[in-house]
Amino acid sequence: MKIAVTGAGGYIGKHVVKALSSMGHEVIAITYPNSNNTLTGSIIEMDILSATDNEINEVFSGFDAVLHLAWSAGFNHHDQGHIANVMGHYRFLKALIGAGVNNISVAGTMHEIGYHVGEITENTTCNPSNPYGIAKNFLRQACTYEMEKANVPLKWLRMYYILGDDRNSNSIFSKIIAAEDAGKETFPLNSGEMLYDFIDIECLAQQIAAATVQTDICGIINCSSGKPRSLRTMVEGFIAQHKMKIKPEYNVFPARAYDSPAIWGNSSKIEEIMANGHSDDKQR
């Protein structure tokens, strides 16, 4: 397949490009003009949010699938740019439909849900509580409407807590690395008892790649482990794995009102996709 990946130079994108390429697909990386990235291979520089419908049609009409990962300030959930830019993403995805692309996957987030305790399924009610979640939730609703009209199935790839390649992320694990590098003896945390759905970036990239190339299973797809694990367990395991000297210091920060004590994704759909062989050998 010939697949375009927007946001290909980002934290997630570069791993997905590698995963898709290893499956034998022709991958074209779509990156913001003059962005500083380490990608090799076929690259198209394009500001997709300001591109005209004709420009989008010219670039994307020949692709078998498009994976839309591009998003600014994804690690800063309260950045006002999320809401300011969402209509640009909507116009881009609508233009893809007009360009004849009939296999479209879009990055979602568990922040669409808002405060929730327990497992997240594709039917869980969304009540986002930060600009990032609000913008993504709107985009999902708007795209669902447009794609249903055009009879184009939407694959909305909802993501959770990601670890791995930690020096290039902005997660708690990257902050622990920075504190260790700075020679700090302790790292302040809340109670650490909250249960989250953690997934390694390499595993996530394989899930995203597999979901992108197939069209049998659509709608909201949780790209997740499906297993709730405590923040305390993950932090202590991370420190031990990397043989760090720093010690976690719990209960320095109180739990925030919008922090869910336990939240994880139902992984049944992505497990079915992976079990059906929508990965390396099956797609060659």
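It should be noted that the structure appears before, not after, this text.
Notes on the structure in this doc start here. Predicted model only: the values in this text are computed from it and were never measured.

Let us now look at the environment of Gln241. Inspection of the secondary structure assignment puts Gln241 in helix H7 (residues 231-241). As for Gln241 and Ile270, which are separated by 29 residues in sequence, their C-alpha atoms are 28 Å apart.

To continue, consider the pairing of strand S5 (residues 104-109). Burial runs high along S5: six of the six residues are buried. The side-chain alternation of S5 yields two buried faces, one formed by Ile104, Val106 and Gly108 and the other by Ser105, Ala107 and Thr109. In this sheet, S5 lies alongside strand S4 (residues 65-68) in parallel orientation, the contact comprising three bridges. When the bridges of S5 are listed, His68 appears paired with Val106. One crossover worth recording links S4 to the parallel S5 by way of helix H3 (residues 81-98), and it is right-handed. Pairing of S5 with strand S7 (residues 154-159), which is carried by six bridges, proceeds in the parallel orientation. Residue pairing in the sheet places Val106 in a bridge with Trp156 of S7.

What follows is about the pattern of salt bridges. Applying the stated criterion across every chain yields a total of eight salt bridges. Residue Lys94 pairs with Glu146 through a salt bridge whose shortest N-O separation is 3.9 Å. With a gap of 52 residues between them, Lys94 in helix H3 and Glu146 in helix H4 (residues 131-150) connect regions that are remote in the sequence. Judged by relative accessible area, which is 41%, Lys94 ranks as partly exposed. Through salt bridges with shared partners, a single ionic network connects Lys94, Glu146 and Lys149.

As for its placement among the helices and strands, Lys136 is situated in helix H4. One buried charged residue, Lys136, remains without a salt bridge, the closest side chain of opposite sign being Glu112 at 7.0 Å.

It is worth spelling out the sheet that holds strand S12 (residues 228-230) at this point. Taking strand neighbours across the sheet as the criterion, the three strands line up as S8-S10-S12 in an open arrangement whose pairing is mixed. Across the chains shown, the open sheet's two edge strands, defined by having one partner strand only, are strand S8 (161-163) and S12. For this sheet, the mean inter-axis angle between neighbouring strands, taken without regard to orientation, is 60 degrees. Pairing analysis gives three bridges linking strand S10 (residues 195-200) to S12, with the strands arranged antiparallel.

Conventions we followed
- Residues numbered from 1 in each chain as written.
- Predicted model: local features only at pLDDT ≥ 70, side-chain atom pairs only at ≥ 80, totals over all residues.
- Heavy atoms only, no water.
- Helix = DSSP H or I, 4+ residues; strand = E, 2+ residues; numbered from the N terminus.
- Buried < 20%, exposed > 50% of the residue type's maximum accessible area, 1.4 Å probe, protein only.
- Pairing = 2+ DSSP bridges.
- Right-handed = clockwise from strand over helix to strand, strands pointing away.
- Salt bridge = Lys/Arg side-chain N within 4 Å of Asp/Glu carboxyl O.
- Lys, Arg positive; Asp, Glu negative; His and termini not counted.
- Axes fitted to C-alpha atoms, helices over the stretch in contact; angles between N-to-C directions.

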